[in-house]
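One letter stands for each residue in the lines below.
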Amino acid sequence: MWTLGQVFALQFLLMCSVYVIYFQSNVVTHLEPQPTLMKHAPADRLVIFITDGLSAKSFFEDRCINVQELSKIFMHQGQVGIIRTLGSTNCRSAQVALFSGFYESPFSAFDYWSSKAVTCDTLFNRSSLSYAWGSAKFLKHLAVVNKISVPYDVMSIASKDSYKLDEWTFDDIDRFLDSESKQLQNIRGLVIVVHLVGLLFANGMDMYRKNINYTQRGIWKTYNRFEQTFSDQRTSYLLISDHGMTSMGLFGGKTKEEIETPFFLWGAGVSNTKSSPGRTFVANKEMKRLPLSIMEQIQLTPLMSTLVGLPPPVNNRGQMPSGVLNASDRYESHAVFTNALQLVDLAKHRLQHHERGLLASCMPSHWMNLQQLDKFVYSGNLLWHQRRFLTLNEYSSNMMPVLMQCIEYYESYYRRGLLVAITFGFLGWQHHLRCQLASPLQASNTRSPQLLLARMLVHVTILLMIIFLLLQRVPWVISGFLLLPGFIWRLALNAHERSEKLSSCVPLLVSLCCLTGFIDRRLMGLCYLVFAFYQNREVIMQRSLESYIWMIVVCALASLSCLPPTLGFHHRGSFIVSIILTFLQPIAFLGPSLSRSHRRNLICNGLVMLLACIHVWFSARPRLLHLMARAYLCYVFYPRFRQQGIELTIYNLSTLYTLLCTSYEAVVIQVLTLELQLALRLKNNKQTGNQTLAIY
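All figures in this text were calculated on a predicted structure; none of them were measured in a lab. (Residues numbered from 1 in each chain as written. Predicted model: local features only at pLDDT ≥ 70, side-chain atom pairs only at ≥ 80, totals over all residues. Heavy atoms only, no water.)

**Q** Explanation requested: the sheet that holds strand E1 (residues 45-51) in the structure shown.
**A** Spatially, nine strands are ordered E4-E3-E5-E1-E6-E7-E2-E9-E8 in an open sheet, and the strand pairing comes out mixed. Where the open sheet ends on each side, the last strands, each with one partner, are strand E4 (146-149) and strand E8 (280-282). Averaged over neighbouring strand pairs, the angle between their axes works out to 20° when direction is ignored. Inspection of the sheet shows E8 paired to strand E9 (residues 289-296) by three bridges, in the antiparallel sense. If you follow Thr280 over to E9, its bridge partner there is Pro291. (Pairing = 2+ DSSP bridges. Helix = DSSP H or I, 4+ residues; strand = E, 2+ residues; numbered from the N terminus. Axes fitted to C-alpha atoms, helices over the stretch in contact; angles between N-to-C directions.)

Following this line, the structure appears as structure tokens:
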């Protein structure tokens, strides 16, 4: 028999496989940066304004009424657009995407709690000097030379007057320019980051809009102050947001308000396009329309580096957008080609790491090999020496998406094999537990030939896998998890030999079907539909009204997997509908048979859910729901009510679960309960009919 510690260790290893499959670090070390760009960069300094929680909807709504001072600038210069982010909930991931040029692995978010700065190569590593203003939480991971954090006494008043956080930042920048402007006049490659956190602490939409109005006015004044201090017209400016925010003050999800943020780029080296055949937006009350650019968050990294004449960070995955720079063809083509060469180094590293194995030539590979990469570098250098700058720009831009495909191909090379291996590992572990729960089989000298064949197959598979992993020089962590399912099935077959014969393979098939949800979430809905119809096939044959209702409910539950994933985060309308359905559930099933205790409990739960509806409907941040849920938890488990019937207990727990939801989760629970009750009722009706027929 296994001890509890051994069972826990094996289960922990299977859970760790999820990290190995999906969350491996994508940082490549020991890469050399590209040479610095040409001496005459478009700008000598770059000022980056980062507004925490500014969404694209708030920026562009009602003809940009919230950013009237900034509209005075982008009506005459610069480019405005929308950035698609990952909706991250912490500053570190946004900083890595903006200043290093790649989306950090989700597992790296655990480093957020440490005090270390971002260790990968960033824009600041190449700059000659850098400054940053912001909260201590934001500056903790920022690899900037000089950091100026907002004092604690200013942060303490954020809940009352959130705009005062930005007010202190703007005032401190004014004092800094008064004292340090002479020393900074002739410095090239200067990067200044201004983090404005006031919007994040705004309580309610009125304060949020008031804070936007104050912040954009402060940015406009700070821009004018920089222009007065540095009169050489060689300063570039960028306004961005690390994530958006919903009208309820929520962020970190996948809704459009949370992942779409505005950007405004202007100043030295930025082109000014007044008309475009693509997307546009209304810029002022006179209905003036301007071009609207769409970019990924990581595309800003090579763009910011190019403006001040710096090479992109070594782990950058962003492709510099076209039509943004206001520079010579020679400089722009050099910048784009440098961006492509940096991606070539990444692709070469991944390829060389794969081809060190002896079996690499026999395995699937991407068509872009080392010879093709060298040919691209040679052709690019030839175009540069021939001074065919426009052709070099187009050639590099077309090649960068292919380079990214090559990098991603080898980064996730063993992912599908790991997914299949761990799937069979989970199936073997479930079969082992099922055999342990079965009654033991009496000792016998004869062994089943099928069992001997299965054991031989497992041993041969393990031996061949070990030979392959050693010859291919697969990393040790991946090798261990590829071998783990073989040892699990050895244990499962040993347990199978000591237990009774298990003829049914339905549990293994059900588990295999559930695991297909990792590949495509819609497959899980299809598997549920097939399993429900197979398990309740007697119900389908009844051909009654209730059986048709049951089939409609099952189909509705299966179709939930086809809904967009964004609906599963914070959706106020779906949450209120789920509250109403939870309240009506006992009335629909018990109806006139409600007892006195049922009615008293229904009134109490109804009042709680009514307060929850009112609070969610009128409050921007429904924080009191957590307090209401904890108070109701004491009511549910009060000793006087623990002796009540199972129906009331389930109803109270359903109410408690509803208070902890944010979208349509409670609707799913209620519909699942309805499906189960209908199926049981139909089965009981059939058994009652058979018994009556037997009596007659």
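**Q** Explain the packing of helix H19 (residues 521-535) against helix H21 (residues 545-559) here, please?
**A** Packing of H19 against H21 brings their axes to within 8 Å, and their N-to-C directions diverge by 160°. Taken together, the axes of H19 and H21 are roughly antiparallel relative to one another. Between H19 and H21 lies a crossing whose hand is right-handed. Each of Gly525, Tyr528, Leu529, Ala532 and Phe533 in H19 lies in contact with H21, whose residues at this interface are Trp550, Met551, Val554, Cys555, Leu557 and Ala558. For the contact of H19 with H21, the per-class residue count stands at 10 nonpolar, one polar and no charged. (Parallel < 35°, antiparallel > 145°, perpendicular 65-115°, else oblique. Left-handed = near helix turned anticlockwise from the far one by under 90°. Contact = heavy atoms within 4.5 Å. Nonpolar A, V, L, I, M, F, W, Y, C, P; charged D, E, K, R; others polar.)

**Q** Just to check I follow, could you spell out the nonpolar core for this structure?
**A** Where a protein is soluble and globular, its nonpolar side chains tend to be buried together. Formed by 80 residues in total, the largest nonpolar core has its most connected members in Ile48, Phe99 and Val193. Broken down by element, the residue count for this core peaks at 11 residues, all from helix H12 (residues 329-355). In this structure, Val193 is in contact with Ile48, Ile50, Phe99, Phe124, Tyr131, Ala132, Trp133 and Phe138, ignoring residues within four places of it in sequence. Grouped together as the second largest cluster of nonpolar side chains are 48 residues, Val47, Leu165, Trp168 and Phe226 included. (Core = buried A, V, L, I, M, F, W, Y, C linked by side-chain atoms within 4.5 Å. Buried < 20%, exposed > 50% of the residue type's maximum accessible area, 1.4 Å probe, protein only.)

**Q** What should I look at first to understand unusual backbone geometry in this one?
**A** Most peptide bonds take the trans form, and the phi angle of most residues other than glycine is negative. We note that Arg63 has phi near 60°; this positive angle belongs to a residue other than glycine. With respect to the secondary-structure elements, Arg63 resides in helix H2 (residues 56-64). Assessed through its relative accessible area of 35%, Arg63 is described here as partly exposed. Notably, Cys64 is not glycine yet its phi reads approximately 60°, a positive angle. Tracing the backbone through its elements, the reader meets Cys64 in helix H2. Under the relative-accessibility criterion, Cys64 is labelled buried at 2%.

**Q** Looking at this structure, how should I read the packing of aromatic side chains?
**A** To describe a pair of aromatic rings, you give the distance between the ring centres and the angle between the ring planes. Following the criterion strictly, the structure yields 24 aromatic pairs and no others. When the centroid spacing of 4.9 Å and the interplanar angle of 70° are considered together, the rings of Phe59 and Phe60 count as edge-to-face. Judged by its relative accessible area of 1%, Phe59 is buried. Ring geometry for Tyr409 against Tyr413: centres 5.7 Å apart, planes inclined by 75°, an arrangement best described as edge-to-face. (Phe/Tyr/Trp six-rings, centres within 6.5 Å; stacked < 30°, edge-to-face > 60°.)

**Q** Mind showing me how you'd approach the confidence of the model for the protein chain here?
**A** Any region with low pLDDT has predicted coordinates that should not be read closely. Per-residue confidence for the protein chain averages 81 on the pLDDT scale, and 81% of its residues sit at or above 70. Of the regions scoring below 50 in pLDDT, residues 690-696 engages in zero contacts with residues more than four places distant in sequence or in other chains. (pLDDT = per-residue confidence, 0-100.)

**Q** Can you help me understand the pattern of salt bridges in this one?
**A** As a working rule, side chains carrying opposite charge can pair if their charged atoms are close by. Enumeration according to the criterion identifies 12 salt bridges in this entry. Across the pair Arg126 and Asp121 runs a salt bridge whose closest N-O atoms are separated by 2.7 Å. With relative accessibility at 9%, the residue Asp121 sits in the buried group. Measuring nitrogen to oxygen at the nearest pair gives 2.2 Å for the salt bridge that ties Asp178 to Arg225. One end of the pair, Asp178, is in helix H8 (residues 163-184); the other, Arg225, is in helix H9 (residues 205-229), and 47 residues separate them in sequence. The exposure class assigned to Asp178 is exposed, which follows from its relative accessible area of 53%. (Salt bridge = Lys/Arg side-chain N within 4 Å of Asp/Glu carboxyl O.)

**Q** Got a minute to help me understand the pairing of E9 in this structure?
**A** Regular strands have side chains that alternate between both faces of the sheet. Bridge count for strand E2 (residues 79-84) against E9 is five bridges, and the pairing is parallel. Each bridged residue has a counterpart across the sheet, and for Ile82 the counterpart in E9 is Ile294.

**Q** I'm lost on a nonpolar patch on the surface in this one. Help?
**A** The grouping of Leu358, Leu453, Met456, Val460, Leu463, Leu464, Ile467 and Leu471 at the surface amounts to a nonpolar patch, some 780 Å² of accessible area in total. As for its position among the elements, Val460 is in helix H16 (residues 449-472). According to the relative accessible area criterion, Val460 is partly exposed, its value standing at 43%. (Patch = residues over 30% accessible without salt bridge, like charges linked within 9 Å, V, L, I, M, F, W, Y side chains within 5 Å. Areas by Shrake-Rupley, 256 points an atom, 1.4 Å probe, with all protein chains shown as cover.)

**Q** What is the right way to look at the packing of H12 against helix H13 (residues 370-385) in this model?
**A** The geometry of a pair of packed helices is captured by two quantities: the angle between their axes and the separation between those axes. Axis separation between H12 and H13 bottoms out at 10 Å; the angle between their running directions is 165°. In terms of axis orientation, H12 runs roughly antiparallel to H13. Note on packing geometry: the crossing formed by H12 with H13 is left-handed. Residue-level contacts link Arg330, Ser333, His334, Phe337, Ala340, Leu341, Val344, Ala347, Lys348, Leu351, Gln352 and Glu355 of H12 to Leu370, Leu373, Asp374, Phe376, Val377, Gly380, Asn381 and Trp384 of H13.

**Q** Whenever I open this one, the environment of His243 confuses me. Can you help?
**A** Inspection of the secondary structure assignment puts His243 in the loop between strand E6 (235-240) and helix H10 (256-259). Counting along the chain gives 149 residues from His243 to Ala94, while the straight-line C-alpha distance between them is 7.8 Å. Reaching out from His243, the side chain makes a polar contact with the side chain of Asp52 at a distance of 2.9 Å. (Polar contact = N/O pair within 3.5 Å; in protein donor to acceptor, adjacent residues only side chain to side chain.)

**Q** Which parts of the structure should I look at to understand the pairing of E6?
**A** Of all six residues that make up E6, six are buried, and the element is covered over most of its length. In E6, alternate side chains face the same way, and those of Thr235, Tyr237 and Leu239 on one face and Ser236, Leu238 and Ile240 on the other are all buried. As judged from the six bridges shared by E1 and E6, these two strands associate in the parallel manner. In the strand pairing of E6, Arg45 is matched with Thr235.

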